[in-house]
Amino acid sequence: MNDSSLVANAADFRAQLIDWYDQSARDLPWRSHPSLYKTVVSEFMLQQTQVKTVLPYFHNWLQVFPGFEALASASEEAVVKQWEGLGYYSRARNLHKLARIVSDLDSIPTDAKSWLALPGIGPYAAAAVCSIAFSDPSAVVDGNVVRILSRLVADRSEYKTTTDAAKTYQSLATALLNHARPGDHNQAMMELGATLCQKQKPQCLLCPVQSLCQARAQGIETAIPRFNKTKAVKQTVERAWIVSPKGVLLYRIPQTASRMKGLHEIPSLEALNLKTPRTSPLIVRQRSITKYRITERFHEISADKAFNGDLPDHFLWANPDSIASLTFSGPHRKWITELIDLVSEK
Ligand code: SF4
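These numbers were taken from a predicted model, which means no experiment stands behind them. (Residues numbered from 1 in each chain as written. Predicted model: local features only at pLDDT ≥ 70, side-chain atom pairs only at ≥ 80, totals over all residues.)

J.: Requested: an account of the overall build of the protein, with residues and values cited.
T.: Along the protein, the regular secondary structure elements total 17 helices and 9 strands. Considered along the principal axes of its C-alpha atoms, the protein spans approximately 75 × 50 × 30 Å. A total of 346 residues make up the protein; the buried ones form 32% of that total. Contacts in the protein between residues far apart in sequence, at least 24 positions, make up 68% of those at least 6 positions apart. (Helix = DSSP H or I, 4+ residues; strand = E, 2+ residues; numbered from the N terminus. Buried ≥ 20, exposed ≤ 12 C-beta atoms within 10 Å, placed from the backbone. Contact = placed C-beta atoms within 7 Å.)

Following this line, the structure appears as structure tokens:
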């Protein structure tokens, strides 16, 4: 990787980037009338999630939990319910813990190093929050920034993961940081990655730093950055759609589970100790979680075939009213609505 010419032109890079940002930045709700709380909430929500998905969640969140104190005094159940559908639920739990800690502090730390000690805060979030809220001179490096920087220097190296590449690019990002406006500089990098320097079709003709981009000059921008290919792992989950006069059978993920504890799902046949029926499933749906490509098959099963007597632990019957108030993992709420409509049409 040859980054010396880019560092030599750092002043031009900063100026071109910030001018473009001042003219072109999208009007996002955490940017207008900014506050530490809005910055923190938006950074948690935006991890692994696109802006357009986050917008309605951010709006509703601010209505229900308008500040750290309101969030700190809410129950974990209410916080996770508000997060329903946004995925990666540990973010909601960590944000809740962080609000409780911050609410108890006499003075809130203003540097990225201190923020790293708070729940759910890694190097990226610490730099983003502290540069935006406190003008701390910390450079953010995430997938977007890796993509921009690796293209600017035409880096053909192959990386294992984005985290590995981010470590490599931290020093270059720091060397390029605009110390007069670190928060805006970081947001400009994120904005450039999200709107112009995109993965598939970078819009180089509109790019403010095109003249400094070595990958563009060599015509190899879409081939960079390079990552080891992770092999997709296929999985099939067989699920039971069981309805009785008491409602739909659901499974509540135990509190001892490492992921998605307390959330509800349509139960798997495995959890019920049932064999896969020979009949065709009611519906089949696909989804992807990280490297997993999962086929979900939903079988209609009669309640008396599933149980002899009481419900096993962690299972419950949910009527339509209680379904509305429960919190579901992944797309289960959507599937439940689909299955209720499908079965009622039969
Ligand atoms: S010129 Fe193209 S590839 Fe280079 S930084 Fe700009 S958008 Fe990305």
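J.: Which residues make up helix 11 (residues 162-176), and what values go with them?
T.: Over its 15 residues, helix 11 runs 20 Å from end to end, which matches the ideal 21 Å to within 8%, given 1.5 Å per residue. Of all the bends in helix 11, the largest measures some 45° and sits at Y169. What helix 11 keeps buried is the set A165, A166, Y169, L172, A173 and L176. Where helix 11 is buried, its residues meet helix 2 (10-24), helix 10 (143-152) and strand 1 (158-159). (Expected span 1.5 Å × (residues − 1). Bend = angle between axes of the 7 residues up to and from the residue.)

J.: Describe the site of the ligand, naming the residues involved and giving the relevant values.
T.: As a structural note, the neighbourhood of the ligand is formed by 14 residues, with C197, C204, C207, C213 and E221 the closest of them. When the residues that make up the shell around the ligand are grouped by side-chain class, the tally is 10 nonpolar, 1 polar and 3 charged. (Near = placed C-beta within 6 Å. Nonpolar A, V, L, I, M, F, W, Y, C, P; charged D, E, K, R; others polar.)

J.: Could you give an account of the sheet that holds strand 8 (residues 292-300), with specific residues and numbers?
T.: Sheet architecture is open: 3 strands sit in the order 3-8-7, paired in mixed fashion. One side of each edge strand has no neighbouring strand; the edge strands of this open sheet are strand 3 (233-241) and strand 7 (283-289). Recorded for the sheet is a direction-independent mean angle of 25° between the axes of neighbouring strands. Sheet topology note: the strand 3/strand 8 ladder contains 9 bridges and is parallel. (Pairing = 2+ DSSP bridges. Axes fitted to C-alpha atoms, helices over the stretch in contact; angles between N-to-C directions.)

J.: Describe the nonpolar core, and please don't skip the residues or the numbers.
T.: Across soluble globular proteins, nonpolar side chains show a tendency to be buried alongside one another. Judged by nonpolar contacts, the single largest core of 62 residues is most densely connected at V129, V141, V145, L149, Y169 and A173. Tallying contributions element by element places helix 9 (residues 123-134) first for this core, with 9 residues. Contact partners of V145, with chain neighbours within four places excluded, come to V140, Y169, A173, M189 and G193. Judged by nonpolar contacts, the second largest core, of 12 residues, contains A240, I242, I301 and W335. (Core = buried A, V, L, I, M, F, W, Y, C linked by C-beta atoms within 7 Å.)

J.: For the environment of S138, give the residues involved together with the corresponding values.
T.: Note that S138 resides in the loop between helix 9 and helix 10. For S138 and P225, which are 87 residues apart along the polypeptide, the C-alpha to C-alpha distance reads 23 Å. S138 has contacts with A112, A126, A127, C130, S131 and P182, leaving out every residue within four places of it along the chain.

J.: Please provide a residue-by-residue account of the domain arrangement of the protein, values included.
T.: Segmenting the protein into domains produces domain 1 (4-227) and domain 2 (233-345). Measuring from the centre of the C-alpha atoms in domain 1 to the corresponding centre in domain 2 gives 36 Å. Domain 1 puts 5 residues into the contact, and the matching count from domain 2 is 5 residues. When its residues are assigned to classes, the side of domain 1 that touches domain 2 shows 2 nonpolar, no polar and 3 charged. (Domains from an automatic or database assignment.)

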